[in-house]
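Residue-level structure breakdown
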Amino acid sequence: MWLLFLIPACAAAVLSCIRLVRMTATADALAEQEGPRPPEAVGIGLYETAYLAGGPDRVVELALVLMASRGRLHLAHTGWTTVVDPRGRSRLERAVVAAVGPEGQCRTDELRRAMAAHPTVLEIGSRLSLAGLATPAAVQRHTVLAVRQVRQALLLSVLLLAAALVVGGLADGSASAALAWFSLPLVLTSGTLLMARVDVYPYTRWASPIGQEVLREVRPQRQHGLTDDDERELLTAVAMLGSAALPDARLRAALRTHRH
C-alpha cells in the first residue's frame, strides 16, 4: 500500500531536483558568456543600487518616494497616487506620470505593477546584467521557482510518508521498509537544498556576486553618515532596504500593498 505513496514522492523529488540542476547549469553558462565590466563603466546611481538590492519593484518604490519627497506626487495612505507636478525630470519620472494616466490619479498598487514591467525599469536591469552586476531577471525568477519546487517536493515526501504510515499501520512490519524507501526522496531533496545554499543561492538574488560587492560599498556610507546630504542618505536607505527605511509612517502606509 505504501508504494502508492512512494511513487509520487520520488517522482516529485527527481523532477524538481533535475530542474534545479538544469537551471543552475544554464545560469553558469550565461555568466561565462561575457566577462563583467567594472562598475565605474556602468554608472551606479540610486536606481541601479535599488535594482541590485530589490529588483524592479524596489526601483519603482524608490522613484515614488523620490517624486513624493520633491512634491511631484502625492502618495495617500488610502492607496491612491496623485500627480502634483506632471513635468517629469527624467525618463523614469515621465514614465511614472504617463502610467498614472490622464486623470492624474490611480491606485498605487496598480501603478507599481505597471511600472515594474515598464521598459524604462527593465532597461536598468538589462544594463546591469550585461555588466555582470545583476542576475538576469528570467534566471533569477526561474531559479527561485526551482528552489521553491524542491522545497515543496521535500514537504510532499514528508506528508506522503506520514500518510503511508497511517494507512499501513505503525505496528506492521512494512513500516520500517516504508521509512527506508522514503529516505530516498527525503535525502535527495534535502541534500539538493543544502548544495543550493552554496551553488544556487547567488542566482536567487537580484545582484550577482560582483553586484553584492558593490552593495557592500554602499552600506557604510549610509550607516556611518559619511554624507551631509540628508535626502540622498534617505533615498539610499530606501534603495537598499525599501519603504521600511522611511521615518514617515504615513508614507510607509501609502507604499504598503492595499487590498481592495
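Residues numbered from 1 in each chain as written. Predicted model: local features only at pLDDT ≥ 70, side-chain atom pairs only at ≥ 80, totals over all residues. Heavy atoms only, no water.

**A few points about the overall build of the protein**
Spelled out, the test is: Elements are defined by DSSP. Helices are runs of H or I of four residues or more, strands are runs of E of two residues or more, and each kind is numbered from the N terminus. Each residue gets one of three labels from its accessible area relative to the maximum for its type: buried under 20%, exposed over 50%, partly exposed in between, using a 1.4 Å probe on protein chains only. Contacts between residues were defined by any pair of non-hydrogen atoms, one from each residue, lying within 4.5 Å. The accessible surface values rely on the Shrake-Rupley method and a 1.4 Å probe; as for residues, cover is taken only from the protein chains in view.
Tallying secondary structure elements over the protein gives 11 helices and three strands in all. Walking the protein from its N terminus toward its C terminus, one meets helices and strands in the order α-α-α-β-β-α-β-α-α-α-α-α-α-α. Counting every position in the protein, which comprises 260 residues, the buried fraction comes to 42%. Considering only residue pairs separated by 6 or more positions, the protein has 72% of its internal contacts joining residues 24 or more positions apart. With the model as given, the accessible surface of the protein reaches about 14100 Å², and the carbon-plus-sulfur share is 60%.

**Quick word on the side chain of Gln212**
Tracing the backbone through its elements, the reader meets Gln212 in helix 9 (residues 209–223). Gln212 gets classed as buried once you look at its relative accessible area, which sits at 9%.

**Thoughts on the pattern of salt bridges**
Rule in force here: For salt bridges, the criterion is a side-chain nitrogen of Lys or Arg within 4 Å of an Asp or Glu carboxyl oxygen.
Under the criterion given, the structure shown has nine salt bridges. A salt bridge links Glu61 to Arg112, with the shortest nitrogen-to-oxygen separation between them at 3.3 Å. Taken together, the residues span a long stretch of sequence, with Glu61 in helix 3 (residues 46–69) and Arg112 in helix 5 (residues 108–116) at a distance of 51 residues. Comparing Glu61 with Arg112 shows no difference in burial state: the two are buried. Ionic pairing is found between Glu213 and Arg216, a salt bridge with its closest N-O pair at 2.5 Å. Pair noted here: Glu213 and Arg216 are both in helix 9, with a separation of three residues, about one helical turn. Using a relative accessible area of 43% as the deciding quantity, one classes Glu213 as partly exposed. Look at Arg216 and you get partly exposed, because its relative accessible area is 42%. One connected set of salt bridges, linked through shared partners, spans Arg58, Glu61 and Arg112.

**Some details on the packing of aromatic side chains**
Our working definition: To pair, rings of Phe, Tyr and Trp, with the six-membered ring standing in for Trp, must have centres within 6.5 Å; the planes then decide the type, stacked if under 30 degrees apart, edge-to-face if over 60, and tilted in the middle.
Per the counting criterion, the structure on display carries one aromatic pair. Measuring from ring centre to ring centre gives 5.6 Å for Tyr51 and Trp206, while their planes differ by 65°; the resulting arrangement is edge-to-face. A residue pair is termed long-range when its members are at least 10 positions apart, and Tyr51 in helix 3 and Trp206 in the loop between helix 8 (174–199) and helix 9 qualify at 155 residues.

**Considering helix 8**
Formally: To estimate the expected span of a helix, count its residues, drop one, and scale the result by 1.5 Å. Bend, in this description, refers to the angle at a residue between axes fitted to the seven residues ending there and the seven starting there.
Counted at 1.5 Å a residue, the expected span for helix 8 with its 26 residues is 38 Å, and the 38 Å between its end C-alpha atoms agrees. By the largest-angle criterion, Ser183 marks the main kink of helix 8, which is about 30°, and a proline, Pro185, follows within four residues. Buried within helix 8 we find Ala175, Ala178, Phe182, Pro185, Thr189, Thr192, Leu193 and Ala196.

**A word on the environment of Leu62**
Considering the arrangement of structural elements, one finds Leu62 in helix 3. According to the relative accessible area criterion, Leu62 is buried, its value standing at 0%. In this structure the C-alpha to C-alpha distance between Leu62 and Ser243, which are 181 residues apart in sequence, comes to 8.2 Å. With residues up to four places along the chain from it excluded, the contact list for Leu62 reads Leu46, Tyr47, Ala50, Leu235, Val238 and Ala239.

**Regarding the packing of helix 3 against helix 6 (residues 119–130)**
Rules: As a rule, the C-alpha atoms of each element are fitted with a line to give its axis, helices using only the stretch in contact, and angles between N-to-C directions run from 0 to 180 degrees. If you view the pair so one helix is near and one far, a crossing is left-handed when the near helix is turned anticlockwise from the far one by less than a right angle, and right-handed when it is turned clockwise.
Taken N-terminus to C-terminus, the directions of helix 3 and helix 6 make an angle of 145°; their axes are 10 Å apart at the nearest point. In this structure, helix 3 crosses over helix 6, and the sense of that crossing is left-handed. Contacts from Tyr47, Glu48, Tyr51, Leu52, Pro56, Val59 and Val60 of helix 3 reach helix 6 at Val121, Leu122, Ile124, Gly125, Arg127 and Leu128.

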